[in-house]
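Structural description and commentary
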Amino acid sequence: MMLEDKVAVIYGAGGAIGGSVALAFAHEGAKLFLTGRHLAPVDAVAKDITSSGASAEVAEIDALDEQAVDKHLQSVIDTAGRVDISFNAIGIPDMTTLGVPLVELDVEQFSQPITTYTRSYFLTARLAARRMLPNKSGVIMTVTTLHSRTGIPQVGGYGAAQAAKEALTRDLSAELAPQGIRVVGLRPQAMPESVGSKRRFFEPRAKASEISWEQFQESLASRTHPRRLMTLEEMANVAVFMASEKASGMTGTTVNLTMGSLDD
Ligand SMILES: NC(=O)c1ccc[n+]([C@@H]2O[C@H](COP(=O)([O-])OP(=O)(O)OC[C@H]3O[C@@H](n4cnc5c(N)ncnc54)[C@H](OP(=O)(O)O)[C@@H]3O)[C@@H](O)[C@H]2O)c1
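Remember, it's a predicted structure, so these values are computed and weren't measured experimentally.

1. Description of the sheet that holds strand β4 (residues 85-88)
Here we have seven strands laid out as an open sheet, ordered β3-β2-β1-β4-β5-β6-β7, and parallel in their pairing. The two strands at the open ends of the sheet, each matched to only one other strand, are β3 (56-60) and β7 (253-257). Strand-to-strand, the axes of this sheet are offset by a mean angle of 20°, without reference to chain direction. Contacting β2 (31-36) and β3, helix α2 (residues 39-51) crosses the sheet at an angle of about 180° to β3. On top of the sheet, helix α4 (residues 107-132) reaches β1 (7-11), β4, β5 (138-143) and β6 (181-188); it is set at about 170° to β5, its chief contact.

Next up, the structure:
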């Protein structure tokens, strides 16, 4: 198994990406510590994991709350002795700013996703790194999307937030890789199985373009090389590889999972 006995903490584990990464990590032998802002969806993921015989602990943690994240990591160390993988998969619903032209957008609304995504990624990465440094080993991971690298109208501060996270991945790696800690990101395009992707990628455009969700998916798929969108399972399989020793040569980078929609 690729992640045998690795101790992994996932933030936003009740979401589409956090949940599928958790299942894939568990399948490869990792010991999971799943967290989320609300316990019910995280519990559901943990149930799937434990029913397959793997291990998953759950905790209600707001990944913007420094003390809560720190206290939880200490409890992981107390229980499992180490933290090997930190995966930040939080996603925030942003129904007020998506669909609004930038020239009409209030500055506080523009800043909100930038502050939220970067604060959470910084906090979870920094606090995990402090636990990984004594072992001179660990992997810090997050997920972004192609908004980080291409202009898309009426997404408020979302694109800037994603670009900032990718910059932080590079900067963290530049400081931590000499200490044995890799920092890597995944950049998938919208995955149709996730409700979050519908909210974030389709709904801002739905009013203006008057196309259905199905037509929107077809239009995104037509820009990929295989003419289809990625599944959550495919994304999670790459996450497993990136978290594993097999990817020991990869750090300071965000893996392009847009299947050709976005050139490197
Ligand atoms: N889904 C896609 O197709 C796709 C593609 C590319 C990139 N992404 C990116 O991947 C990330 C996750 O996407 P997703 O589709 O998995 O989103 P999702 O299904 O909406 O899940 C996001 C999860 O994050 C949790 N969360 C939000 N704020 C939190 C906080 N402060 N502390 C702890 N947990 C928090 C949510 O919990 P509650 O619901 O309980 O608040 C939810 O469980 C996003 O950054 C998104 O931009 C998604």
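There is more to say after this.
2. Observations concerning the site of the ligand
By nearness alone, 29 residues border the ligand, and R37, H38, Y158, M191 and S194 come closest of all. At 2.3 Å, a side-chain N or O of Y158 approaches an oxygen atom of the ligand. At 2.6 Å from an oxygen atom of the ligand is found a main-chain nitrogen or oxygen belonging to M191. Protein chains bury 92% of the 890 Å² of accessible surface belonging to the ligand in isolation. Because more than half of its atoms lie within 2 Å of the grid, the ligand is assigned to the largest pocket. Mapped by element, the contributors of at least two residues to the shell around the ligand are α1 (16-27), α5 (158-176) and α6 (195-209). In terms of residue count, α6 provides more of the shell around the ligand than any other element does, three residues in total. For the shell around the ligand, the residue count by class is 15 nonpolar, 11 polar and three charged.

3. Remarks on the packing of α1 against helix α8 (residues 232-243)
Axes are the key here: two packed helices are described by the angle between their axes and the distance separating the axes. Put simply, α1 and α8 touch, their axes get as near as 9 Å, and they point 60° apart. As the angle between them shows, α1 and α8 are arranged oblique. Both α1 and α8 take part in a crossing whose hand is right-handed. Here A16, I17, S20, V21, A24 and F25 of α1 come into contact with α8, specifically with L232, M235, A236, A239, V240 and A243. The residue inventory of the contact of α1 with α8, partitioned by class, reads 11 nonpolar, one polar and no charged.

4. Some remarks on the nonpolar core
Core analysis: the largest hydrophobic core is formed by 39 residues, its most contacted members being F25, L32, L34, F87, M141 and M235. Among the elements that make up this core, the one with the highest residue count is α8 (seven residues). Non-local contacts of M235, meaning those with residues more than four positions away in its chain, are made with I17, S20, V21, L186, P188, M191, M230 and L257. V69, L127, L168 and I181 belong to the second largest nonpolar core, which has 26 residues in total.

The rules behind the values
- Residues numbered from 1 in each chain as written.
- Predicted model: local features only at pLDDT ≥ 70, side-chain atom pairs only at ≥ 80, totals over all residues.
- Heavy atoms only, no water.
- Pairing = 2+ DSSP bridges.
- Helix = DSSP H or I, 4+ residues; strand = E, 2+ residues; numbered from the N terminus.
- Axes fitted to C-alpha atoms, helices over the stretch in contact; angles between N-to-C directions.
- Contact = heavy atoms within 4.5 Å.
- Near = heavy atom within 4 Å.
- Polar contact = N/O pair within 3.5 Å; in protein donor to acceptor, adjacent residues only side chain to side chain.
- Areas by Shrake-Rupley, 256 points an atom, 1.4 Å probe, with all protein chains shown as cover.
- 1 Å grid on protein atoms, 1.4 Å probe; cavity = no way out; pocket = protein on both sides within 12 Å on 5 of 7 lines; lining within 4 Å.
- Sits in = over half its atoms within 2 Å of the grid points.
- Nonpolar A, V, L, I, M, F, W, Y, C, P; charged D, E, K, R; others polar.
- Parallel < 35°, antiparallel > 145°, perpendicular 65-115°, else oblique.
- Left-handed = near helix turned anticlockwise from the far one by under 90°.
- Core = buried A, V, L, I, M, F, W, Y, C linked by side-chain atoms within 4.5 Å.
- Buried < 20%, exposed > 50% of the residue type's maximum accessible area, 1.4 Å probe, protein only.

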